[in-house]
Amino acid sequence: MDKFIIRGGNKLQGEVEISGAKNAVVAIIPATILAQDVCRIENIPNISDVSIMIRILYQMGAQIKYINPHTLEIDTRNIVSSTVPHDLTKHLRASYYLLGALLGRYGHAKVAMPGGCDFGVRPIDQHIKGFEALGAEVTIDNAMVNACADTLLGSPVYLDMVSVGATINVMLAAVKAKGLTIIENAAKEPHIVDLANFLNCMGADVRGAGTDVIKIRGVEELHGCSYSIIPDQIEAGTYMVAAAATGGDVLIKNVIPKHLESISAKLIECGADVTEYDEAIRVKSNGRLSKCNVKTMPHPGFPTDMQPQMAVLLSIAEGTSIISESVWDNRYRYVEQLIRMGAKIQVDGKVAVVEGVEKLMAAPIKATDLRAGAAMLIAGMVADGETEIEDIEFIDRGYEDVVDKLLALGADIRRVPVEKPFTDAKQVL
Ligand code: EPU
């Protein structure tokens, strides 16, 4: 296990290239199961969530070939199993996409309940409701979800709340169902559109992705294709906030600025300069930023996955800001870490009141989940002194080459092994 050591105070300056989108690729890799063919996927980020998903497919019998570090060929013709055990799913929320993909291909799937970051209860009732609407019988037994259908039939599916995961899972199960599926109240995140484009590239008929009604007309067969993943909205947003919080000037390349509008708007409100180019965005700030209120919402609202990073920026901004988390029940576990660094934040349910302080001070802290870990990196970079961040395996789940990217921008950061805890009394006798 490693930890990060960051000496704060450097302004981030220069250019950074954004990797492919984690939340798109973890849906697109399982979607290859539907093709029974060879798919070439480019712009794959080198992060641990992707490695786990690839390992799962490999263990199911898919052939995986790395063409280069960011391009994979996945051959799903010889998949031999529609069962995915707990030891493979426990680290990864997105493992539940295997349910939709296997159900779509075989008419049955047995997948252990998914793992992932802890934001309180994370139900999958809407996924199940969607599968049942298509004619599947779904049971949960011994933490395994079993879905089974004689024939999947297209159907209207109304989601009770906007759910990224349920929208994706219903899309996966419906592309080869007989007839028309209409998902109402669908999620509109960029990765939903990316998955729809990928499915269509394999010969599916998916329309309306990016709006709240998605229509999927089932097709008999899908075929292999070549596809490039969109840039990661949240990785880009994290570097934008890091640039602004450190008083830096960073050109963030390989982005789709439209996906970043809600983040740009908040940074501008706080006093940062944001300039959009075709495939890049520049964030510059000088002097202390000012407060702003943030409410997280499904896309195109401000992403919940940017809430912790923004909280760090606001913790050193002038004035008092209010953050309202409207997606997850419990996404403030990281606040305790920031308080150790001198932040003044009070949490009441889904609302955090952030009273800006002049500066944060270095402290030993830990990443409590993936985006909280990204926030801790920013906190370390703006704090006085040397901050140590433990549990950084969360950060490795979603940020490719984070140390090299930050070093290139002038941060003082290094990854060092955590000394093993003392376990053997004889060693000191
Ligand atoms: N919900 C239900 N029932 C369901 C599904 C969801 O009640 O069947 C609720 C959830 O409890 C939550 C809300 O609906 O309150 C939204 O959950 P959603 O299903 O949209 O979340 P998810 O698909 O599990 C994805 C991302 C998360 C991101 C959320 C929201 C992936 C693999 N994960 O999770 O990303 O926070 O959407 O945008 O795409 C991250 O990347 O760090 C991350 C956690």
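Analysis parameters
Just so you know, the residues in each chain are numbered from 1, in the order the chain's sequence is written. Residues qualify for local features only when their pLDDT is at least 70, as the model is predicted, and side-chain atom pairs are given and counted only at 80 or more; totals for whole chains, interfaces and linings, by contrast, use all residues. Processing note: side-chain calculations cover all non-hydrogen atoms of the structure and skip hydrogens and water entirely. Each Phe, Tyr or Trp ring, with Trp reduced to its six-membered ring, pairs with another whose centre is within 6.5 Å; inter-plane angles below 30 degrees give stacked pairs, above 60 give edge-to-face pairs, and intermediate values give tilted ones. Each helix is a run of H or I in the DSSP string that is no shorter than four residues. Each strand is a run of E no shorter than two, and both are numbered from the N terminus. Throughout, exposure labels follow a simple rule: accessible area from a 1.4 Å probe, protein chains only, divided by the maximum for the residue type, with under 20% read as buried, over 50% as exposed, and the rest as partly exposed. When DSSP finds two or more bridges between two strands, those strands count as paired. Every angle, taken between N-to-C directions, lies between 0 and 180 degrees, and every axis is a line fitted to C-alpha atoms, over only the stretch in contact when it is a helix. The contact criterion used is simple: two residues touch if any of their non-hydrogen atoms lie within 4.5 Å. Nearness is defined per residue: one heavy atom within 4 Å of the molecule or strand is enough. N or O atoms closer than or at 3.5 Å make up a polar contact, with two conditions inside protein: a donor-capable atom paired with an acceptor-capable one, and, for residues adjacent in sequence, both atoms drawn from side chains. For accessible areas, the Shrake-Rupley method is used with a probe of radius 1.4 Å. Any residue's cover is judged against the shown protein chains and nothing else.

> I keep staring at the packing of aromatic side chains and nothing clicks. Help me out?
For any pair of aromatic rings, the description rests on two quantities: the centre-to-centre distance and the angle between the ring planes. Applying the stated criterion to the full structure yields three aromatic pairs. Relative to Tyr227, the ring of Phe198 has its centre 5.5 Å away and its plane inclined at 75°; by these criteria the two rings are edge-to-face. One end of the pair, Phe198, is in helix α7 (residues 190-201); the other, Tyr227, is in strand β14 (residues 226-228), and 29 residues separate them in sequence. Under the relative-accessibility criterion, Tyr227 is labelled buried at 11%.

> Would you take a moment to explain the sheet that holds strand β11 (residues 180-184) for this structure?
Within the open sheet, the four strands sit side by side as β10-β11-β13-β12. Their pairing is mixed. In this open sheet, the two edge strands, each paired with only one partner strand, are β10 (156-158) and β12 (205-207). Within the sheet, the average angular offset between the axes of one strand and its neighbour, ignoring direction, is 15°. Strands in contact with helix α6 (residues 164-174) are β10, β11, β12 and β13 (213-217); relative to β11, the strand with the most contacts, it is inclined by about 175°.

> Is there a simple way to explain the site of the ligand in this structure?
As a matter of local geometry, the ligand sits amid 24 residues, with Gln126, Ser163, Val164, Asp305 and Val327 nearest to it. Within the side chain of Asp305, one N or O atom sits 2.6 Å away from an oxygen atom of the ligand. Burial of the ligand by the surrounding chains reaches 90%, relative to a free accessible area of 820 Å². Elements that contribute at least two residues to the shell around the ligand include exactly α1 (22-31), α5 (125-133), α6 and α12 (370-382). The dominant element in the shell around the ligand, judged by the number of residues it contributes, is α5, at three residues.

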